[in-house]
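Given next are the chains, with one letter for each unit.
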Amino acid sequence: MPAASILIKPASSNCNINCKYCFYKCLSSSRSEYSKGFMTDDTLEQLVINAISYADGFLSFAFQGGEPLLAGISFFYKVLKLQKKYNTKGLHIENTIQTNGTLINEEWAEFLAENHFLTGLSLDGPKKIHDKYRKTTDNNGTFENVMHAAGLLKQYNADFNILSVITNDTAQKASYLYKFYKSHGFEYIQLVPCMDEAGRDAAQNTGFAVDAEQYGKFLCEFFDLWYTDFIAGSNMDIRMFSNLAQMAAGYAAEQCGMNGSCHCYFVAEGDGSVYPCDFYCTDNWKLGNVKDGFDKLSASEKAGLFIESSRYQAEECKECPYYRLCRGGCRRWREPFTNGLPGINSLCKAYKIFFGHTEKRIYKLGQLIKYKTQAQI
């Protein structure tokens, strides 16, 4: 049995805001049911029992949405109670939650801190950038609410990081974005490039998905700013850069999609339906239900097909001088498939620009990791 990570959508695709670029809203619209409903107590209990039975040593519960906080704070107290009740194996259990932050008040901040939830807070940058796409259902910006949430999380000493979606607009403002993070003392940042989603019409796509060349320039400028500060002693952690340094040191990347092939980390929807990946919570990729047990789901033909089809790498990729760091990228970015096989990453040009600019420094960071590791032995 493996260490396991289960991504859980307790409120399904339901959300209290209306982000213009939301991939899950688009994905859910392509299903026979847009929302799978709110997770019941029985489904939650079965999920916890079977996840603990499946895992060995370490188990991560990652709550996402839609907006997971819509499930209510009582739901998460039940999560903790069930984890304690059924964890007779002595697993190390970790809980994380990704939220738009608009529902976080003092009660939530205290709960997240006291129960050691790592919180991912969606914040795209300064007000002008953030409010352009992340709006309420009545078209008001959410920046002030999210910044208030960040303040509460700091006040209660809750661990949190910032997740920013990089649109084509944002990709032209690397310095502006970096200085914003730095000025507010945000120490952990995840940059997520915005992609086009199947099912969106041409009008919706305009201006959302990041252009590959522009994204490459963005990463170069952002890395330069970060690297200068890092050498000077700054402790800002950019998830992508940290993972690349680990890879340069010879270790596997922690971030899904950076190792060159997929694994089933399991996504449990509100009704207990299970899928192999957040990008593939679609009718055709449904593996089964949490009541089936994760051993059975993992061994299913469909799970095997999902993993195996991601392992293919085009010869062009294998011959690339940056393959060791890129590894082809996430399966989702290598669509559409041809004859059942993934193509070239649609951000290939971005990564060639980026690695051409940063490769030597990334390997220096890898050497630093090796040195620190050896010093601790």
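Structure: above.
K.L.:
Explain the layout of surface pockets to me, using residue names and the numbers behind them.
P.N.:
Of the volumes computed, that of the second largest pocket is approximately 280 Å³. As for the second largest pocket, its lining consists of 15 residues, and the residues nearest its centre are Trp 226, Phe 230, Ser 242, Ala 245 and Ile 369. The set of elements that each furnish at least two residues to the lining of the second largest pocket consists of α9 (212-231), α10 (239-248) and α15 (348-376).

K.L.:
Let's hear about the pairing of strand β2 (residues 58-63): which residues, and what values?
P.N.:
In terms of burial, β2 is a largely internal element, five of the six residues being buried. Sheet analysis places strand β1 (residues 4-8) next to β2, joined by five bridges and oriented parallel. Its bridge partner lying in β2, Ala 4 is registered against Leu 59. Strand direction decides the pairing type here: β2 and strand β3 (residues 92-99), joined by six bridges, are parallel. Paired with Phe 61 across the two strands is Asn 95, which belongs to β3. As a crossover connection, the stretch from β2 through helix α3 (residues 73-86) into β3 is right-handed.

K.L.:
Please give an account of empty space enclosed by the protein that cites residues and values.
P.N.:
For the structure on display, the rule yields one cavity of 30 Å³ or more. Each pocket or cavity is described by its volume, and for the largest cavity that value is around 100 Å³. What lines the largest cavity is a set of 15 residues, among which Cys 256, Gly 257, Cys 262, Cys 330 and Arg 331 lie closest to the centre.

K.L.:
I'd like a rundown of the environment of Phe 222, residues and numbers included.
P.N.:
Within the element layout of this structure, Phe 222 appears in helix α9. Here Phe 222 falls in the buried class, since its relative accessible area comes to 0%.

K.L.:
So what's going on with the pairing of β3? Residues and values would help.
P.N.:
Strand direction decides the pairing type here: β3 and strand β4 (residues 118-122), joined by four bridges, are parallel. In the sheet register, Gln 98 faces β4, and the bridge partner there is Gly 120. For the crossover that starts at β3, traverses helix α4 (residues 106-114) and ends in the parallel β4, the hand is right-handed.

K.L.:
Go over a negative patch on the surface with me, naming the residues and quoting the values.
P.N.:
A surface patch of negative charge is lined by Glu 106, Glu 107, Glu 110 and Glu 114. Structurally, Glu 107 can be placed in helix α4. Residue Glu 107 is classed as partly exposed on the basis of its relative accessible area of 47%.

Conventions used here
Note on numbering: residues in each chain are counted from 1, in written sequence order. Only residues with pLDDT of at least 70 are given local features in this predicted model, and only at 80 or more are side-chain atom pairs given and counted; all residues enter the totals for whole chains, interfaces and linings. Derived side-chain values reflect all non-hydrogen atoms in the structure, with water molecules and hydrogen atoms excluded from consideration. A cavity here means a set of 1 Å grid points, computed over protein atoms only, where a 1.4 Å probe fits but cannot escape. A pocket is an open set with protein on both sides within 12 Å along at least 5 of 7 lines, and lining residues have an atom within 4 Å of a point. Grid points are joined across faces, edges and corners, and a volume is the space filled by probe spheres set on the points. Segments assigned H or I by DSSP are reported as helices when at least four residues long, segments assigned E as strands when at least two residues long, and all are numbered from the N terminus. The cut-offs for exposure are 20% and 50% of the maximum accessible area for each residue type, with area from a 1.4 Å probe on protein chains only; residues under the lower value are buried, those over the upper are exposed, and the others partly exposed. Paired strands, in this sense, are two strands between which DSSP finds at least two bridges. With its strands directed away from the observer, a crossover is right-handed exactly when the path from the first strand over the helix to the second travels clockwise. Put simply, a patch holds well-exposed residues, over 30% relative accessible area, that have no salt bridge, with like charges counted together within 9 Å and Val, Leu, Ile, Met, Phe, Trp or Tyr side chains within 5 Å. Only the protein chains shown count as cover for residues, and all accessible areas are computed by the Shrake-Rupley method using a 1.4 Å probe. Only one rule defines a salt bridge in this text: a Lys or Arg side-chain nitrogen within 4 Å of an Asp or Glu carboxyl oxygen. Charge counting treats Lys and Arg as positive and Asp and Glu as negative, with His and both chain ends excluded. Charged groups are reduced to one reference atom each: NZ for lysine, CZ for arginine, CG for aspartic acid, CD for glutamic acid.

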